[in-house]
Amino acid sequence: MVGNHIIVDMYDINIEKMVNINKNESSIKEWNFFIKQCFDECNISLLKTSWHNFDNNGAFTVIYLLAESHLSLHTWPEKNYIALDVFTCGNSNTELIVEKILNYFEPGSTKVDRLKRGLINNTIN
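The structure contained in this document is the topic of the report that follows. Here the structure is a predicted model, which is why all the values come from computation and not from measurement. (Residues numbered from 1 in each chain as written. Predicted model: local features only at pLDDT ≥ 70, side-chain atom pairs only at ≥ 80, totals over all residues. Heavy atoms only, no water.)

1. A short note on the nonpolar core
Rule in force here: For the purposes of this section, nonpolar cores are sets of buried Ala, Val, Leu, Ile, Met, Phe, Trp, Tyr and Cys residues that join through side-chain atoms within 4.5 Å. Buried residues are those whose accessible area, probed at 1.4 Å on protein chains only, stays under 20% of the maximum for their type, while exposed residues exceed 50% and partly exposed ones sit between those limits. Strands here mean DSSP runs of E at least two residues long; helices mean DSSP runs of H or I at least four residues long; both are numbered from the N terminus. We call two residues in contact whenever any of their non-hydrogen atoms come within 4.5 Å of each other.
The biggest cluster of nonpolar side chains holds 28 residues, and the ones touching the most others in it are M10, L71, L73, I101 and F105. Every element with two or more residues in this core is listed here: β1 (3-11), α2 (25-41), β3 (60-66), β4 (69-76), β5 (81-89) and α3 (94-105). Among the elements that make up this core, the one with the highest residue count is α3 (6 residues). In contact with L73, not counting residues within four places along its chain, are M10, W31, F60, T61, V62, I82, A83, L84, I101 and F105.

2. Some points on α3
Under the convention used in this document: Given the number of residues in a helix, its expected span is that number minus one, multiplied by 1.5 Å. Here the arc refers to the directions that run from the helix axis out to each C-beta atom.
In a regular helix each residue adds 1.5 Å, so 12 residues correspond to 16 Å; α3 covers 17 Å between its end C-alpha atoms and thus fits that length. Every buried residue of α3 is accounted for by T94, I97, V98, I101, L102, Y104 and F105. With its buried residues spanning 160° around the axis, α3 presents them on a single face. Buried residues along α3 sit against β1, α1 (15-20), α2, β4, β5 and β6 (109-117). Two residues or fewer past α3, E106 is found with a positive phi of approximately 50°.

See the structure below:
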């Protein structure tokens, strides 16, 4: 196996948390502190961040390029929905970072898919 890939659909999100992440400089600092702490605790190395805000309803997409692969969040406040994608390899704790992000956003319900990447007939090609 090369890595773990977890894809999460989060429904019925705490809207205030979602739209306030990038509301002002203080909120952005709070989010950045939270996510960096998560990366540190989960043995994940952040290389680069790419962030895009959409219109004025608080929607955003953020992609974290990691030494171990990537983490992305795509938000739809108008649908009360967030898509989370985490792919890591090595000694990263993929399950823990997903748990921390779920606890942060407090979704009413989730759909979680877990994939083991790099396996073909239990060998790496």
